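The primary structure of each chain is shown beneath.
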Amino acid sequence: MSTQEARERLELLQGTLGLLILRTLVFGPQHGQGIARSIQQTSEEALLVEHGALYPALQRLEAQGWIAARWGTSANNRRARFYTLTQAGRKQLVKESTRWRRLVTAIGRILGPEAKEG
Amino acid sequence: MFGRKRPASDFHAEIEAHLQLEIERLQEEGLNEEEARAAARCAFGNVTQAQERFYESGLWLWWDRLRQDVRFGLRMLAKSPGFTTVAVLTLALAIGANTAIFSVVDAVLLRPLPFRDPARLVWATEHFAFGPSTVVSADFPAWKDRNNVFEEIAAFGGTSGANLTGTGQPARVTVTNVTTGLFSMLGVQPVAGRAFLAEEGKQGREHVAVLSETLWRNSFGADPRIIGETIRLDGAGYLVVGVMPASLRPQADVWTPLALDAEIFSPHSPRWMMLAAIGRLKPGIAISKAQADLQLLAQEMDKEYPPQAAQFRAHETVEVIPLHDMLGAECAFPSPHPIGYRRLRSIDRVRQRCQFAAFA
């Protein structure tokens, strides 16, 4: 992808990467590369996730006890570190998504109806 | 975060795995290996930075920061020596004070006296209107023979310095006179030789001496042959009969017996001696009972004194306290020399010494 394309993508807001990772893991255990791909595809390539930034975030979530990690084998027979959502992580996801939805709704109210022209 | 630590190599392996997976995916999308590798790297961003961030979350960083904080703290302290001095002195003083207080608490409350059955040991003293708290020597024989509350009672006093000569190097030593039963009453066994015999508490027999273990070791090389030798205290000869352990109180270098038939133990003597008394209560006797008994005895004794003694004996009271409490109590210690009772009046309280402060 070109630098131009990358610029048009949205930078993630501080603290939202963790929420996205937790959400992605709801569908089952996944390795880092898989999580990165999944976030990009699900957001229809709108979100720019620097893969390097993913790992410190995973590290943080693991330390909080919201995700657990284990080395395993990927679909195409490669060793990879797989992450799973823990019970605490599930609760955290609910909490975070509620908070996020309320925030979006509130900001949306202030910005008013969507302008057709952009 | 401080518990299980993930090694950096494991983290590195995970990043490598990520890049491989990404390269394979891109190759499936039609890129050649070279292009795929470059694209994967680009998408990943700064590998070093990711590793640094991983490192930052680790325990090492915690130590690194601690080290930096300590160095910074020391630098700041060096910058303001006035503040540093005050802070250090404050801490030193606080630690010192706490240590001192604990030493007292330890001695008073925690450590038992180094004697047999210390709970029954008491300190008995007379209080006189004119000042010193002491046991006047003329009262002690009555205390010893006519009380109903003590299994045993012993006295000591006359602590003074003396020139020790006769064997080896001359030395200045402290000498305390004790009644012959003191050591056995406290239950302290001699390190060598024997304690005083009862008959050594009589005039003509009292020129015997017991050495402290400290003096024995320092001046006589712990030689047991000192037993049976004669030492000279201010020129007078004393036969050494035994050595007592260093833990013994009242502390002295040499103990000699008090001859209870000496004139100073008579109410009609022109000179008396100021003594301290320690008693062992009979089983089941309360301290208050002992005090009342001795008080009664004091009133009886009043009649035996010559008329000129009436003035100083007026308002005399007796006090009995557990020996263990002596450290905390205001303790008066007998004056070093026999004195006439007319002179007692002039004795300053300042002169009362507190030798027993080191009792426990």
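Check the entry above for the structure.
Definitions and limits used
- Residues numbered from 1 in each chain as written.
- Chains lettered and ligands numbered in written order.
- Predicted model: local features only at pLDDT ≥ 70, side-chain atom pairs only at ≥ 80, totals over all residues.
- Helix = DSSP H or I, 4+ residues; strand = E, 2+ residues; numbered from the N terminus.
- Buried ≥ 20, exposed ≤ 12 C-beta atoms within 10 Å, placed from the backbone.
- Contact = placed C-beta atoms within 7 Å.
- Axes fitted to C-alpha atoms, helices over the stretch in contact; angles between N-to-C directions.
- Parallel < 35°, antiparallel > 145°, perpendicular 65-115°, else oblique.
- Nonpolar A, V, L, I, M, F, W, Y, C, P; charged D, E, K, R; others polar.
- Pairing = 2+ DSSP bridges.
- Core = buried A, V, L, I, M, F, W, Y, C linked by C-beta atoms within 7 Å.

To continue, consider the overall build of chain B. Along chain B, the regular secondary structure elements total 11 helices and 13 strands. The proportion of buried residues among the 360 residues of chain B is 31%. Of the contacts formed within chain B by residues at least 6 apart in sequence, a portion of 75% connects residues at least 24 apart.

Moving on: the packing of helix α4 (residues 51-64) of chain A against helix α3 (residues 47-56) of chain B. A pair of packed helices is captured by two measures, namely the crossing angle of their axes and the spacing between those axes. Packing of α4 of chain A against α3 of chain B leaves a shortest axis separation of 8 Å and a crossing angle of 10°. With respect to their mutual orientation, α4 of chain A and α3 of chain B come out roughly parallel. On α3 of chain B, the residues touching Gly-52, Tyr-55, Pro-56 and Gln-59 of chain A of α4 of chain A are Val-47, Gln-49, Ala-50, Arg-53 and Phe-54 of chain B. Of the residues contributing to the contact of α4 of chain A with α3 of chain B, the split by class is five nonpolar, three polar and one charged.

Side chains on a regular strand alternate between the two faces of the sheet. Residues and elements named next belong to chain B. Direction of pairing for strand β3 (residues 150-165) relative to strand β4 (residues 171-178): antiparallel, over a ladder of seven bridges. Counterpart to Gly-157 in the pairing with β4 is Asn-177. What sits between β3 and β4 in their antiparallel hairpin is a turn of five residues, with Gly-166 showing a positive phi close to 105°. The pairing of β4 with strand β9 (residues 254-257) spans four bridges and is classified as parallel. In the strand pairing of β9, Val-178 is matched with Pro-257.

Here the focus is the nonpolar core. Membership of the largest hydrophobic core comes to 60 residues, with the highest contact counts inside it found for Ala-155, Val-210, Leu-275 and Ala-277 of chain B. The greatest single-element share of this core, amounting to seven residues, is contributed by β3 of chain B. If you look at the next biggest cluster of nonpolar residues, it comprises 21 residues, including Leu-22 and Leu-25 of chain A together with Phe-11 and Ile-15 of chain B.

This part is about the sheet that holds strand β5 (residues 79-85) of chain A. Sheet strands pair by backbone hydrogen bonding; their relative direction is either parallel or antiparallel. Residues and elements named next belong to chain A. Across the sheet, which stays open at both edges, the three strands sit in the order β2-β5-β4 with antiparallel pairing between neighbours. Two strands lie at the open edges of the sheet, namely β2 (30-31) and β4 (67-73), each paired on one side alone. Of the strand pairs in this sheet, β4 and β5 are connected by seven bridges, and their pairing is antiparallel. By the bridge assignment, Ala-69 is partnered in β5 with Tyr-83.

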